[in-house]
Amino acid sequence: LNRRLAEFGTTVFAEMSALALRTGAINLGQGFPDTDGPEEVREAAVRALRDGRGNQYPPGPGIPELRTAVAAHQQRRYGLSFDPDTEVLVTAGATEAIAASLLALVEPGDEVIALEPYYDSYAAGIAMAGGTRVPVTLRPSEGRFRLDLDELRDAVTDRTRLLLINTPHNPTGTVLTREELASIAELAVERDLLVVTDEVYEHLVFDDAEHIPLASFPGMRDRTVTISSAGKTFSFTGWKVGWITASPQLVTAVRSAKQYLTYVSAGPFQYAVAEALALPESYFTDFRADMLAKRDVLAAGLEDAGLTVYRPSGTYFVTADIRPLGESDGVAFCRALPERAGVVAIPTAVFYDHREMGAPFVRFAFCKRADVLREASDRLSDLR
Ligand code: PMP
Ligand code: GLN
């Protein structure tokens, strides 16, 4: 393994899912639903396969039907206009969109600011591009992980190339507020920075939280690459259909990298996702309500087990502090958890450069059936 990637090894998700399989524990580690997405969307994929649509290389930027559906979704939901021909690019999941964006936009030695804790592929993507990551830590206070805007401002230097933002935020479940996003946007404009924003959990916001795309703030549309994915919104994480929306110039740049990573991906699934994006509003409302109910089952279970819970405003992850159990090392706690309680979770420390700041936090996924979450809660209640 070369020096750029030496620190990365195997992703924590693969490691923890393997641990769950080996021990038979309930897997609340890797974030994937235990119930597949809508039947009609699966049928759409089967139909495309049978009809011979997408079984050979689809067009490089993605099939026109999907690019049109993505543009229509951004317009309908957020009032953002993107030209399906020049401002939308289909990728092999959000993961490829992240890697291709970084490979296309970062010069070796450039600094990339990312919110810490961060999704693990950000660090690897920055490293592959030869960039330097500069973490800005979200700090827990009053029940929520918060962004310190002064700290973000202070992190910008002459070498800063881009801000890598994620909202709703994995792993903390924070949804950046309108004020926070407006400040990020002002900073980006003032310092003339590019922004790559990972909004894969755009449909998973709860309570009073609202997802507002960074691209919708003044001066942002043409400096922002917005990333999303069908994996999260439609519960098909195995299909690996993602996309970006951005200015023609940025789409062309990202496509230059993308075409040498995978060239194209998963033709029949692109047809199915085009149909999924056109599902009636009730699909999205029901999906959110269902996840909200699951959040509350697991959050209550974790509270009963004695952990301090940061009830998330978005995503399908809940972060808990294990210190009330007399524990302080999340990595050791998660290693022992399958034996102790028959549950797998992810130590949040692995998403930090400042590991000590993440040490007492553990991430649990709640995109699981309610009976599974109840069983997990029962098992965890033995920890007390
Ligand atoms: N970004 C975030 C924040 C995620 O949580 C995930 C997946 N869990 C991804 C990107 C990757 O998405 P995909 O599976 O579409 O590659
Ligand atoms: N995004 C999912 C998570 O955060 C897992 C993705 C992966 O396995 N790489 O759990």
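Residues numbered from 1 in each chain as written. Chains lettered and ligands numbered in written order. Predicted model: local features only at pLDDT ≥ 70, side-chain atom pairs only at ≥ 80, totals over all residues.

K.L.:
Just give me the short version of the overall build of the protein, but keep the residues and values in it.
P.N.:
Helices and strands together make up the secondary structure of the protein, namely 14 helices and 15 strands. Whereas a compact globule of 384 residues would reach a radius of gyration of roughly 21 Å, the protein reaches 20 Å, a difference of no more than 12%. Along the first, second and third principal axes, the C-alpha atoms of the protein reach 55 × 55 × 45 Å. By the burial criterion, 51% of the 384 residues in the protein qualify as buried. Considering only contacts in the protein between residues 6 or more positions apart, those separated by 24 or more positions represent 72%. (Helix = DSSP H or I, 4+ residues; strand = E, 2+ residues; numbered from the N terminus. Rg over C-alpha atoms; globule rule 2.2 N^0.38 Å. Buried ≥ 20, exposed ≤ 12 C-beta atoms within 10 Å, placed from the backbone. Contact = placed C-beta atoms within 7 Å.)

K.L.:
Explain the domain arrangement of the protein residue by residue, including any values.
P.N.:
Each domain of the protein was delimited in the assignment, giving domain 1 (12-30 + 282-383) and domain 2 (39-277). Relative to domain 2, the C-alpha centre of domain 1 lies at a distance of 25 Å. At the interface, 26 residues of domain 1 touch 26 residues of domain 2. Of all the secondary structure elements, the ones that give two or more residues to the side of domain 1 that touches domain 2 are α11 (281-304), β12 (317-321) and α13 (355-358). When residues in the side of domain 1 that touches domain 2 are grouped by element, the largest group, 6 residues, is from α11. Residue composition of the side of domain 1 that touches domain 2, grouped by class: 14 nonpolar, 7 polar and 5 charged. (Domains from an automatic or database assignment. Nonpolar A, V, L, I, M, F, W, Y, C, P; charged D, E, K, R; others polar.)

K.L.:
Just give me the short version of unusual backbone geometry, but keep the residues and values in it.
P.N.:
Cis geometry marks the peptide bond from glutamate 116 to proline 117, where omega comes out at 0°. Checked against the element boundaries, proline 117 lands in the loop between β3 (111-116) and α5 (120-128). Residues asparagine 170 and proline 171 are joined by a peptide bond in cis, for which omega reads 10°. In this fold, proline 171 is placed in the loop between β7 (160-166) and α7 (178-190). A positive phi angle is found at aspartate 207, which is not glycine, with a value near 55°. Note that aspartate 207 resides in the loop between β8 (194-198) and β9 (224-229).

K.L.:
Requested: an account of the packing of helix α4 (residues 93-105) against α5, with residues and values cited.
P.N.:
Contact pair α4 / α5: the axes reach a minimum separation of 8 Å and the direction vectors enclose 30°. As far as their axial angle goes, α5 and α4 are roughly parallel. Where α4 crosses over α5, the handedness of that crossing is right-handed. The segment α4 lies against α5, with Thr95, Ile98, Ala99, Leu102 and Leu103 engaging Ser121, Tyr122, Gly125, Ile126 and Met128. A class-by-class count of the residues in the contact of α4 with α5 yields 7 nonpolar, 3 polar and no charged. (Axes fitted to C-alpha atoms, helices over the stretch in contact; angles between N-to-C directions. Parallel < 35°, antiparallel > 145°, perpendicular 65-115°, else oblique. Left-handed = near helix turned anticlockwise from the far one by under 90°.)

K.L.:
Outline the environment of aspartate 290, listing residues and values.
P.N.:
You can see aspartate 290 is positioned in helix α11. As for aspartate 290 and glutamate 7, which are separated by 283 residues in sequence, their C-alpha atoms are 38 Å apart.

K.L.:
Pulling in residues and values, what's your account of the UniProt feature "domain: Aminotransferase class I/classII large" (unreviewed entry) in the protein?
P.N.:
Look at the UniProt record and you will see "domain: Aminotransferase class I/classII large" (unreviewed entry) annotated at residues 25-376. Between the end C-alpha atoms of residues 25-376 there is a gap of 9 Å, over a span that is 41% helix and 18% strand. (UniProt positions renumbered as here; feature names shortened; annotations may be inferred.)

K.L.:
Would you mind going over the pairing of strand β10 (residues 242-245) in detail, with residue names and values included?
P.N.:
The side chains of a regular strand alternate between both faces of the sheet. Burial of β10 is two-sided: the residues Gly242 and Ile244 facing one way and the residues Trp243 and Thr245 facing the other way are all buried. Judged from the 4 bridges that link them, strand β2 (residues 88-91) and β10 form a sheet pairing that is antiparallel. From the neighbouring strand, threonine 91 faces β10, where its bridge partner is glycine 242. Strand direction decides the pairing type here: β9 and β10, joined by 4 bridges, are antiparallel. The residue of β10 that forms the bridge with serine 229 is glycine 242. (Pairing = 2+ DSSP bridges.)

K.L.:
Quick one: what's the story with the sheet that holds β8, residue by residue and with numbers?
P.N.:
Pairing in this open sheet of 7 strands is mixed, and the strands run β2-β10-β9-β8-β7-β3-β4 from one edge to the other. Whereas interior strands pair on both sides, the edge strands pair on one side only; in this sheet they are β2 and β4 (132-137). On average, adjacent strands in this sheet sit at an angle of 20° to one another, irrespective of strand direction. Note that β7 and β8 share 5 bridges and pair parallel. Paired with leucine 164 across the two strands is valine 196, which belongs to β8. Across the sheet, helix α3 (residues 64-78) touches β2 and β10, and the angle it forms with β2 is around 120°.

K.L.:
A description of helix α1 (residues 12-23) should follow, citing residues and the corresponding values.
P.N.:
Helix length check: α1, at 12 residues, gives a terminal C-alpha distance of 16 Å against a target of 16 Å (1.5 Å per residue), a fit within 8%. Of the residues one or two after α1, glycine 24 is the one with positive phi, at around 70°. (Expected span 1.5 Å × (residues − 1).)

K.L.:
Mind laying out the nonpolar core, listing which residues take part and the relevant values?
P.N.:
Membership of the largest hydrophobic core comes to 118 residues, with the highest contact counts inside it found for Val273, Leu302, Val318 and Phe364. Among the elements that make up this core, the one with the highest residue count is α4 (8 residues). Taken together, domain 1 (12-30 + 282-383) and domain 2 (39-277) each give at least three residues to this core, which thus spans both. Setting aside residues no more than four positions away along its own chain, leucine 302 makes contact with Leu307, Val309, Val318, Ala320, Phe364 and Leu380. (Core = buried A, V, L, I, M, F, W, Y, C linked by C-beta atoms within 7 Å.)

K.L.:
So, the packing of helix α2 (residues 39-51) against helix α10 (residues 267-277): which residues are in play, and what are the values?
P.N.:
It is at 8 Å that the axes of α2 and α10 come closest, and there the two elements cross at 140°. Here α2 is positioned oblique relative to α10, judged by the angle of their axes. The interaxial crossing formed by α2 with α10 has right-handed handedness. Contact residues: α2 offers Val41, Ala44, Ala45, Ala48 and Leu49, while α10 offers Pro268, Phe269, Tyr271, Ala272, Glu275 and Ala276. Looking at side-chain class alone, the contact of α2 with α10 contains 10 nonpolar, no polar and 1 charged residues.

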